[in-house]
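# Architecture at a glance
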Amino acid sequence: MKFLLLLPLFLLPPLGSTPATVPVSDGLRRERLPADVDLVVHFDLETFKATELWRRVSASMEGHVELRDELDELQEIEERFGIDPFTDLRAVTLFKLKSEEEPTVVLFSTSERIDGALKRFQEERGYARVLEGGIELHTWREHGDGDGDDDEEEGEDDETVYAYLHTGPGAERVVALSATRASALRTARVLRGEDVSHAKAGTLLTLAPAQGSFLYVAAAEIPHLDDIPPASQFFGLAQGLQLDLGEAGGHLRGHMGLSAASNEDAYDLSGVINGVVSLARLAGREAGEALELLSGLRIGTRANVVTLDFEYDVERLFEILESLGGLEERVRARR
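Let me begin by describing the structure that accompanies this report.

Here the focus is the overall build of the chain. Tallying secondary structure elements over the chain gives 13 helices and twelve strands in all. Taking all 335 residues of the chain together, 40% fall into the buried category. Within the chain, contacts between residues at least 6 apart in sequence are counted, and of these 64% link residues at least 24 apart. Per element, the accessible surface of the chain, about 18200 Å² overall, is 52% carbon and sulfur.

And the structure:
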């Protein structure tokens, strides 16, 4: 599963890159998800690459040598398999089924160049093909230490990764990577229209990203953080989560909804959040320009749902973040 969780990092576009034209968004496709998903994380890379936020983030990271070295290593993917993760991948969706304890499937929206990459990958050591019920799966083993050394013997921590390649409309390809054979087959059947999808019968989650969204998270349940008592008490009141981030006209906007078991629990959740905001405002001068961020935060309650909404000018947001960096240095200097 570690392999699946790290794969979305490959989707980050190269530092300093700016698309010449605004690409077509690859939004969340509910018809590609099983009906009983209870956790979904969707990252729309095409939309993100067109934002002012990414332009600012990439510019600020250009001086990070260690990060640059790690990104350079990803070029090996193109050299070995003929596919560029930065240009051929459009979106990634990670999800969990209600019957499973953790997410086991990642969907990638990519281009037809993945066809050639798959042919090259079939020549790799450890590759195997599985055919079941007319569905072809591609498998390989991942070493538990994650170093990918093919010369090492298989260990108890080794994992088998399953992949299914689906042909989408036009030149699109959808790659499903799974940590289990059962979930790979289930996902393949949904993509082929042989099993019911969330678009037809999804009831555990309401999936509705806003226009311009590049990151969307929905969870029917929030794991309780038992090792951190304050967090455990807070999240213990919340039964579900919706998070939506996007940008429009140079403004970063976000929406979060926390659903509770009752109206009373929602009121308590709202009280905790308002209390944290009030404490931050009491910081006064020490908080400096950070107080401006609080002015853009709107907290509301509708029945058993607590909502948090904000909208910030991206340029001004980075100015504030830079000022916070200076504040941290001043605080350390006084110690």
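On to the pairing of strand β11 (residues 297-302), then. Summarising the sheet, β11 and strand β12 (residues 305-313) pair through six bridges and their orientation is antiparallel. Its bridge partner being in β12, I299 is matched across the sheet by L308. Counting the residues between successive antiparallel strands, the hairpin from β11 to β12 contains two residues, one of them, A303, with a positive phi of roughly 55°.

Even without being glycine, A303 reaches a positive phi, approximately 55°. Relative to the elements of secondary structure, A303 occurs in the loop between β11 and β12.

In this structure, A179 sits in the loop between β7 (173-178) and α8 (181-191). Looking at A179, the relative accessible area reads 25%, which means it is partly exposed. Along the chain, A179 and V161 lie 18 residues apart, while their C-alpha atoms are 5.1 Å from each other.

Aromatic ring pairs: the centre-centre distance and the angle between the two ring planes describe each pair. On inspection of all chains with the given rule, the structure shows six aromatic pairs. Here F121 and W140 contribute two aromatic rings whose centre-to-centre distance is 4.8 Å and whose plane-to-plane angle is 75°, an arrangement assigned as edge-to-face. A residue pair is termed long-range when its members are at least 10 positions apart, and F121 in helix α7 (residues 113-121) and W140 in strand β5 (residues 135-142) qualify at 19 residues. Residue W140 is classed as buried on the basis of its relative accessible area, which comes to 14%. Here the aromatic cluster, defined as three or more aromatic residues joined through ring pairs, consists of F43, F48, W54 and F214.

What counts and how
Residues numbered from 1 in each chain as written. Predicted model: local features only at pLDDT ≥ 70, side-chain atom pairs only at ≥ 80, totals over all residues. Heavy atoms only, no water. Helix = DSSP H or I, 4+ residues; strand = E, 2+ residues; numbered from the N terminus. Buried < 20%, exposed > 50% of the residue type's maximum accessible area, 1.4 Å probe, protein only. Contact = heavy atoms within 4.5 Å. Areas by Shrake-Rupley, 256 points an atom, 1.4 Å probe, with all protein chains shown as cover. Pairing = 2+ DSSP bridges. Phe/Tyr/Trp six-rings, centres within 6.5 Å; stacked < 30°, edge-to-face > 60°.

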